[in-house]
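Fold and geometry: a report
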Amino acid sequence: MTTNPFGRVITAMVTPMHPDGSVDEVGVRAVVEHLVATGHDGIVVNGTTGESATLTDDESIDVVRMAVETAGDRAAVTAGVGSNATAHSIEMAARAAEVGAHALLLVSPYYNKPTQAGLLAHCRAVADSTELPVMLYDIPGRTATPFATETLIALAEHPRILAVKDAKADLWASSHVMASTDLLWFSGDDVLSLAHLAQGAVGVVSVVGHVAGREYAAMLAATNRGDFASAREIHHRLIPAVDAIMTQSQGAIMAKAALVELGVIESAFVRLPLVESPPEHLDVLRHGLVEAGLR
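As the structure is a prediction and not an experimental result, all values here were calculated from the model.

**Comments concerning the packing of helix α2 (residues 57–71) against helix α3 (residues 86–98)**
- Closest axis-to-axis distance for the α2/α3 pair is 10 Å, and the angle between their directions is 35 degrees. In this structure, α2 crosses over α3, and the sense of that crossing is right-handed. Contact residues: α2 offers D57, D58, S60, I61 and V64, while α3 offers H88, M92, R95 and A96.
- Classifying every residue of the contact of α2 with α3 by side-chain character gives 4 nonpolar, 2 polar and 3 charged.

**Examining the UniProt feature "active site" (unreviewed entry) in the chain**
- Within this structure's numbering, the places UniProt gives as "active site" (unreviewed entry) are Y137 and K165. In terms of the greatest pairwise C-alpha distance, the residues named above, spread along 29 residues, form a tight cluster of at most 4.7 Å across.
- Relative to the helices and strands, Y137 is located in strand β5 (residues 134–138).
- With sequence-adjacent residues up to four places away left out, Y137 is seen in contact with T48, L105, L106, V107, S108, F147, K165 and A167.
- Here K165 lies in strand β6 (residues 161–166).
- Other than its neighbours up to four places away in sequence, K165 contacts A12, L105, M135, L136, Y137, D138, F186, G188 and V205.

**Focus on the UniProt feature "site: Part of a proton relay during catalysis" (unreviewed entry) in the chain**
- The sites that carry the UniProt feature "site: Part of a proton relay during catalysis" (unreviewed entry) are, in the present numbering, T48 and Y111.
- By relative accessible area, T48 is classed as partly exposed at 23%.
- Positionally, Y111 belongs in the loop between β4 (103–107) and α4 (116–128).
- Judged by its relative accessible area of 74%, Y111 falls in the exposed class.
- Filtering out sequence-adjacent residues up to four positions away, Y111 remains in contact with N84 and T143.

Rules and cut-offs
Residues numbered from 1 in each chain as written. Predicted model: local features only at pLDDT ≥ 70, side-chain atom pairs only at ≥ 80, totals over all residues. Heavy atoms only, no water. Axes fitted to C-alpha atoms, helices over the stretch in contact; angles between N-to-C directions. Helix = DSSP H or I, 4+ residues; strand = E, 2+ residues; numbered from the N terminus. Left-handed = near helix turned anticlockwise from the far one by under 90°. Contact = heavy atoms within 4.5 Å. Nonpolar A, V, L, I, M, F, W, Y, C, P; charged D, E, K, R; others polar. UniProt positions renumbered as here; feature names shortened; annotations may be inferred. Buried < 20%, exposed > 50% of the residue type's maximum accessible area, 1.4 Å probe, protein only.

Written out as structure tokens, the structure reads:
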């Protein structure tokens, strides 16, 4: 098995913002400290939940720098550098490395819908340009371009492409790739985390982990020792929180609201086109956190 440079209990971190929309440095550092204190050995910044689509390049790199400085040697920081322009991803990969990122997250290019041959060339070009390990991010519901099984198997041959964050919701396709490669597999979908772990994933890249890091660490430990009864109990207990954060709105919106509820950050501001949670969603969130034993 390839050495894991990403961590195993990982959250795709929000980017805290002030009510005027500017990035909240104090909030960024507070969330990193919160995640490290609640069982995480890895953090992803500038992913979907980090509102990467509305951050400027300079803001993105500043967030990477702040996360690396705050986490120190306590957690690996993986920087999202995905783009629908390969040259832009290469530039962002270099800038992330300069400020100390430990690894890169590379989503399939969105909107322009490359062929699988184009997807292969894109990922190889970015991985060729860096010395950092790369985690691929498969989320066709947002990008419209899935990683085909054959594409992932081919990309596994690259010495720096080491992992996949799987948010495709196709467990059988995941099984095929895991059986054919030594790629490190991460659940990228809180709804399916237990299912992915049961079939061999090494960890999670979670959104609900903002409030349930200890629970995911315990679930992972339980599956590692073959105690699936305990893992199922945790999975079932988290259902109200997963429903509240992941199914009634958008993950970044609800994760920020949850962190405000827990007193970790001061503002749940999200940049347009996202908008903050309406009162009825916040009511469900508060109930879900209590029912799941998270507050």
